[in-house]
Amino acid sequence: MATAPATPRPSRRKARGAGITPWLFISPWILGFLFFTLGPLVFSFVMSLHDWPIVGTREFIGLENYRTMLQDDPQFWKSLWITVKFAGLFVPLNIVLSFLLAVLLNLNLRGTAIYRTAFYLPSVISGVALVTIWSWIYSNEYGLLNYLLSFVGIDGPNWLGDRTWGIVAITVASLWGLGGSMLIFLAGLQSIPKELYEAARVSGVPPWAQIIYITLPMLSPMILFTLITSIISAFQQLTIALLLTDGGPVNSTYFFAMYIYKTAFRFHDMGYAAAMSWVMFLIILILSMLVMRWSAAWVYYEGQARKDDADA
Amino acid sequence: MRKTLGYSALIFLTALFAAPFVWTLITALKTEAELYAYPPVFWPAELKWENFSNAWTALPFTTFLKNSVIVVVLSTVGQLASSSLVAYGFARFHFRGRDPLFVLLLATMMIPWDVKMIPLYMEFNLLGWINTLKPLIVPAWFGEAFFIFLLRQYIMTIPMEIDEAARMDGANAWQIYWRIHLPLMAPALVLVGTFHFMNAWNDYLGPLIYLNDQSTYTLPLGLALFKGLHEVDYISIAAITVILCLPPLALFFYAQRYIMDNALGSSVKG
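Just so it is clear, the structure is predicted and the values come from calculations on it, not from any experiment.

The rules behind each value
- Residue numbering note: each chain is counted from 1, following its sequence as written.
- The lettering of chains begins at A and the numbering of ligands begins at 1, in the order of writing.
- Local features in a predicted model are, by the rule used here, given only for residues with pLDDT of at least 70; side-chain atom pairs are given and counted only at 80 or more, and totals for whole chains, interfaces and linings are based on all residues.
- A run of H or I in DSSP counts as a helix once it spans at least four residues, and a run of E counts as a strand once it spans at least two, with each numbered from the N terminus.
- Radius of gyration: C-alpha atoms only; globule rule: 2.2 Å multiplied by the number of residues to the exponent 0.38.
- Labels follow a simple rule on C-beta atoms placed from the backbone: if 20 or more others lie within 10 Å of a residue's own, it is buried; if 12 or fewer, it is exposed; otherwise it is partly exposed.
- Contacts are defined on C-beta atoms placed from the backbone: any two residues whose C-beta positions lie within 7 Å are in contact.
- Confidence per residue, as judged by the predictor, is encoded in pLDDT with a range of 0 to 100.
- Connectivity within a nonpolar core runs through C-beta atoms within 7 Å, and the core itself is a set of buried Ala, Val, Leu, Ile, Met, Phe, Trp, Tyr and Cys residues.
- Only C-alpha atoms enter the line fits that serve as axes; for helices the fit covers just the stretch in contact. Angles between N-to-C directions range over 0 to 180 degrees.
- Should an angle fall under 35 degrees it is taken as roughly parallel, and over 145 as roughly antiparallel, whereas 65 to 115 is taken as roughly perpendicular and any remaining angle as oblique.
- Gly falls in the polar group here, along with every residue not listed as nonpolar (Ala, Val, Leu, Ile, Met, Phe, Trp, Tyr, Cys, Pro) or charged (Asp, Glu, Lys, Arg).
- We call a crossing left-handed when the near helix sits turned anticlockwise from the far one by less than a right angle, and right-handed when that turn is clockwise.

*Asks:* I keep staring at the overall build of chain A and nothing clicks. Help me out?
*Replies:* From N to C terminus, chain A includes 15 helices and two strands. Over its C-alpha atoms chain A spans a radius of gyration of 25 Å, topping by over 25% the 20 Å that the globule rule assigns to 312 residues. Seen through its C-alpha atoms, chain A measures out along the principal axes to roughly 75 × 70 × 35 Å. Counting across all 312 residues of chain A, residues that qualify as buried make up 38%.

Encoded structure:
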């Protein structure tokens with residue numbers, strides 16, 4: 001600021017802050033947190049300790065639901081495995097593909113705005129519409145995909161009716177909405193100082209090495225962010241699977257989130273479903289923490305590095 | 001050489017991303033015979049626009065649309081009001097416990113919806129809200145962590161001097177929020193409104209859980225209803241899908257500038 005006051009201003013802001021005013025402003029969130037987040041979380045945990053049918057008498061059974069899940073319920077493990085497989089496909093593909101698309105857009109060729117819009121559009125319509133669109137493409141009798149594949153001599157599988165391909169079909173449909181991650185990477189790419197590449201080129205560093213030694217480290221915070229959000233969304237995958245395959249064929253796409261949903265709202269076993277949802281919460285929490293810890297080894301924070309340099 | 005390769009890749013990918021939309025639109029305009037033809041018909045002999053009106057009247061879509069509009073409008077208004085109030089509170093005041101509370105707010109973004117879905121159902125059931133649109137509207141009036149975060153970041157970029165000047169002129173905290181920050185926040189509010197609109201408009205799971213009675217269905221539920229009918233009517237499904245896509249697409253084109261600016265202006269740097 002050009003016109004700094006000659007005498008230090010008394011901290012009036014702080015004095016005023018002592019009142020009730022700020023609490024009034026944030027009160028909607030506080031109430032919402034109590035009634036729509038904290039309350040439900042506690043309630044859900046209490047439910048998980050009960051045999052809690054949607055109607056009828058409930059009974060306290062301690063950790064019995066958790067024991068059943070781990071020891072006597074093969075479907076729990078199967079669904080968890082399906083979700084892990086899906087995450088194993090979706091998370092790396094989502095990151096790699098949205099990164100590549102962002103790199104392409106960052107070439108700044110003519111018409112970039114149009115391409116960028118085209119890549120982002122599918123993210124705008126997620127949900128039932130997205131699933132209907134994909135069910136056309138995958139359809140066994142008159143689907144576009146198998147017709148196109150027949151040109152290159154591939155006899156396409158029955159995508160949604162095949163135990164191996166169902167999960168692949170869901171992955172591809174989910175990847176169609178990678179626009180959000182793509183924008184984050186694009187933002188990252190555009191914030192990398194041009195001088196870094198300039199210097200590398202002058203020193204004769206080949207393009208592939210520039211990607212490895214400049215682009216990837218500079219983008220690592222966005223990679224971390226996308227990694228965590230993709231893991232969370234992979235574990236919560238429900239809408240697409242529910243509408244596209246409804247868990248079939250032969251339960252091969254019976255995701256963990258779907259098992260929770262159906263246990264609660266089709267089989268009306270609220271206590272058991274609540275227990276499973278807590279297990280999912282814990283898995284996501286632990287995975288996120290592991291990723292955060294692991295990320296210390298590869299995420300490069302520019303501000304941090306500068307500080308370290310100054311300290312040295 | 002590199003440019004040619006880049007252009008070919010971009011054009012190919014654009015086709016890949018756009019194809020499903022185009023294909024759905026074409027399907028919506030086909031006759032029954034063309035629908036089941038093999039090899040597929042890429043351009044119908046005659047564009048049957050009446051497919052749209054036929055699909056619309058096959059089920060009570062006017063009712064579904066009315067419900068969707070009620071949910072989307074009321075929840076968007078609530079979301080904008082509450083999230084901006086809370087964001088202002090976090091951005092412009094110092095009070096005991098503010099920073100831990102803000103961390104808590106950010107942490108709530110990590111909680112999977114699955115954990116809350118069951119107890120929330122019980123809660124709304126207790127309140128007698130099942131089979132009404134309230135569960136889809138009321139929570140939006142209490143702010144959402146991601147939007148609060150976004151708006152708070154935006155307010156932080158506005159110089160404190162503006163608040164100080166207004167205060168000198170005798171404005172109180174509410175007036176500063178209402179007269180100064182709300183108008184200044186407009187671009188960020190467009191962004192929040194757009195994202196919330198799209199979430200609410202496309203939402204399938206919420207309505208699926210809370211609504212049982214057809215008269216309360218929203219459009220996505222209505223569309224899904226088509227699949228359960230005695231004879232699956234693919235042309236109508238395609239037609240309704242096209243209609244369902246239009247509002248978010250239109251809104252996206254309107255708000256595109258804000259979405260891109262936001263993504264490109266606020267990289268997640270440490």
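*Asks:* Is there a simple way to think about the overall build of chain B in this case?
*Replies:* In terms of helices and strands, chain B carries 14 helices and zero strands. Order of helices (α) and strands (β) in chain B, N terminus to C terminus: α-α-α-α-α-α-α-α-α-α-α-α-α-α. Taken over C-alpha atoms, the radius of gyration comes to 23 Å for chain B, far larger than the 18 Å a tight globule of 270 residues would show. Structurally, chain B occupies a C-alpha span of about 75 × 65 × 35 Å along its principal axes. A buried classification covers 40% of the 270 residues belonging to chain B.

*Asks:* Sorry, what's going on with the environment of alanine 171 of chain B here?
*Replies:* Tracing the sequence through the fold places alanine 171 of chain B in the loop between helix H9 (160-168) and helix H10 (173-184). Discounting residues that sit within four places of it in the chain, alanine 171 of chain B has contacts with Ala166, Ile176 and Arg179 of chain B.

*Asks:* Explain the confidence of the model for chain B here, please?
*Replies:* Should the pLDDT be low somewhere, the predicted coordinates at that spot are not to be read in detail. The share of residues in chain B with pLDDT of 70 or more is 95%, and the mean pLDDT across the chain is 89. Overall fold confidence for the complex sits at a pTM of 0.88, while the interface term, ipTM, reaches 0.88.

*Asks:* Would you mind showing me how to read the confidence of the model for chain A here?
*Replies:* Put simply, chain A has an average pLDDT of 87, and 90% of its residues get 70 or more. Scored below 50 in pLDDT, residues 1-17 of chain A makes six contacts in the model with residues more than four places away or belonging to other chains.

*Asks:* What should I look at first to understand unusual backbone geometry in this one?
*Replies:* Among all residues except glycine, the phi angle is most often negative; among peptide bonds, the trans geometry is most common. All names here are of chain A. The peptide bond linking glycine 248 to proline 249 adopts the cis configuration, its omega dihedral lying at -10°. As for its position among the elements, proline 249 is in the loop between helix H12 (239-244) and helix H13 (256-265). Positive phi values are uncommon outside glycine, yet asparagine 108 reaches one of about 55°. Phi is positive for histidine 268, close to 55°, though the residue is something other than glycine. Of note, histidine 268 is situated in the loop between H13 and helix H14 (270-295).

*Asks:* What's the story with helix H10 (residues 194-202) of chain A in this structure? I'm lost.
*Replies:* Helical periodicity: at 3.6 residues per turn, an α-helix aligns residues three or four positions apart in one direction. Little of H10 of chain A is tucked away: zero of the nine residues are buried. One or two positions beyond H10 of chain A, positive phi appears at glycine 204 of chain A, with a value near 75°.

*Asks:* I'm lost on the interface of chain A and chain B in this one. Help?
*Replies:* You'll often see interface size given as the accessible area lost when the parts meet. Across the boundary between the two partners, chain A contributes 76 residues, which contact 70 residues of chain B. Examining the composition of the side of chain A that touches chain B, we find that 16 residues originate from one element, helix H2 (residues 21-48) of chain A, more than from any other.

*Asks:* Please explain the nonpolar core as it appears in this structure.
*Replies:* Nonpolar side chains tend toward joint burial in soluble globular proteins. Counting 143 residues, the largest nonpolar core has Leu244, Phe255, Met258, Ile260 and Met276 of chain A together with Leu151 of chain B as its most contacted members. Other than its neighbours up to four places away in sequence, phenylalanine 255 of chain A contacts Ser79, Ile82, Thr83, Phe86, Gln237, Leu238 and Ala241 of chain A.

*Asks:* Where do I start with the packing of helix H5 (residues 112-124) of chain A against helix H9 (residues 179-190) of chain A in this structure?
*Replies:* How two helices sit against one another is set out by the angle between their axes and by the gap between those axes. All names here are of chain A. Packing of H5 against H9 brings their axes to within 8 Å, and their N-to-C directions diverge by 135°. In this view, H5 runs oblique relative to H9, as classed from their interaxial angle. Between H5, through Phe119, Tyr120, Pro122 and Ser123, and H9, the contact on the second element is made entirely by Gly179, Gly180, Met182 and Leu183. When grouped by side-chain class, the residues that make up the contact of H5 with H9 number five nonpolar, three polar and no charged.

*Asks:* For this particular structure, what's the right way to read the packing of H2 of chain A against H14 of chain A?
*Replies:* Residue and element names in this part refer to chain A. At a closest axis distance of 7 Å, the pairing of H2 and H14 adopts a crossing angle of 120°. Taken together, H2 and H14 sit at an angle that is classed as oblique. For the pair H2 and H14, the crossing hand works out as left-handed. In this structure, H2 contributes Ser44, Phe45, Met47 and Ser48 to the contact, and H14 contributes Met270, Gly271, Ala274, Ala275, Ser277 and Trp278.

*Asks:* I'm lost on the environment of phenylalanine 225 of chain A in this one. Help?
*Replies:* Here phenylalanine 225 of chain A shows up in helix H11 (residues 207-236). Residue phenylalanine 225 of chain A is classed as partly exposed on the basis of its C-beta count, with 18 C-beta atoms lying within 10 Å.

*Asks:* What is the right way to read the environment of isoleucine 260 of chain A from this model?
*Replies:* Take isoleucine 260 of chain A: it is sitting in helix H13. Of the residues examined, isoleucine 260 of chain A has 27 C-beta atoms within 10 Å and is grouped as buried. C-alpha of isoleucine 260 of chain A to C-alpha of alanine 275 of chain A: the two residues are 15 residues apart in sequence and 9.1 Å apart in space. Each residue touching isoleucine 260 of chain A, except ones within four places of it in the same chain, is listed here: Ala273, Met276, Ser277 and Met280 of chain A together with Asp114 of chain B.

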